[in-house]
Amino acid sequence: MIFENVKNLIIDVMGIPEDEILLKSHLYDELDADSLDISQIIIALENKFKINIENEEVAEFKTVEDIVRNIESKLNL
C-alpha cells in the first residue's frame, strides 16, 4: 500500500509512466529525479502520511524502496 502511494506521487510529480517505477528503481540514475523532484515528493508524502522526513533521511534515499521503508518505519508497519 505504501509503495502504491509513493509510486502515485512520483507519477504526479515527475510524469513517469507507472510501469517504469519499481521498488528497486534508482531515483537519480533510473528515474532521473533532481533535487526539486525529490523535494516535491517529500512534501507530498509528509502531507499525505502526516509525518516529518528530516533532510538527513532524504539524503539517504537512493531507491524508491528507501522511501517506502522510511515511511513504513515512521508508521510502525
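Calculation criteria
Residues numbered from 1 in each chain as written. Predicted model: local features only at pLDDT ≥ 70, side-chain atom pairs only at ≥ 80, totals over all residues. Heavy atoms only, no water. Buried < 20%, exposed > 50% of the residue type's maximum accessible area, 1.4 Å probe, protein only. Helix = DSSP H or I, 4+ residues; strand = E, 2+ residues; numbered from the N terminus. Contact = heavy atoms within 4.5 Å. Salt bridge = Lys/Arg side-chain N within 4 Å of Asp/Glu carboxyl O. Expected span 1.5 Å × (residues − 1). Arc of directions from axis to C-beta. Polar contact = N/O pair within 3.5 Å; in protein donor to acceptor, adjacent residues only side chain to side chain.

Peer 1: Could you give me a rundown of helix α4 (residues 64–74), with the residues and numbers involved?
Peer 2: Within α4, burial applies to Val64, Glu65, Ile67, Val68, Asn70 and Ile71. Note on α4: the residue one or two positions beyond its end, asparagine 76, has a positive phi of about 55°.

Peer 1: How would you sum up the side chain of glutamate 65? Please name residues and give values.
Peer 2: Positionally, glutamate 65 belongs in helix α4. Since its relative accessible area comes to 13%, glutamate 65 is described here as buried. What glutamate 65 contacts, discounting residues up to four positions off in sequence, is Leu23 and Lys24.

Peer 1: Any details on the pattern of salt bridges? Residues and values, ideally.
Peer 2: Under the definition given, this model contains five salt bridges. A salt bridge links lysine 7 to glutamate 4; its shortest N-O distance comes to 3.6 Å. Taken together, the residues lysine 7 and glutamate 4, both in helix α1 (residues 2–14) and three residues apart, mark about one turn of the helix. Owing to a relative accessible area of 8%, lysine 7 belongs among the buried residues under this scheme. Several salt bridges share partner residues, and in doing so they unite Glu4, Lys7 and Glu18 into one network.

Peer 1: Mind laying out helix α2 (residues 35–49), listing which residues take part and the relevant values?
Peer 2: With 15 residues, α2 ought to run about 21 Å at 1.5 Å a step, and its terminal C-alpha atoms sit 21 Å apart, in line with that. Among all positions in α2, only Asp37, Ile38, Ile41, Ile42, Leu45, Glu46 and Phe49 are buried. For α2, the buried positions fall inside an angular range of 165° around the axis, keeping them on one side. Packing partners of the buried residues in α2 comprise α1, α3 (55–59) and α4. The residue sitting at the N-terminus of α2 and contributing the capping side-chain oxygen is aspartate 34; that oxygen lies 3.1 Å from the backbone nitrogen of leucine 36. Just beyond α2, the residue with positive phi is lysine 50, at close to 55°.

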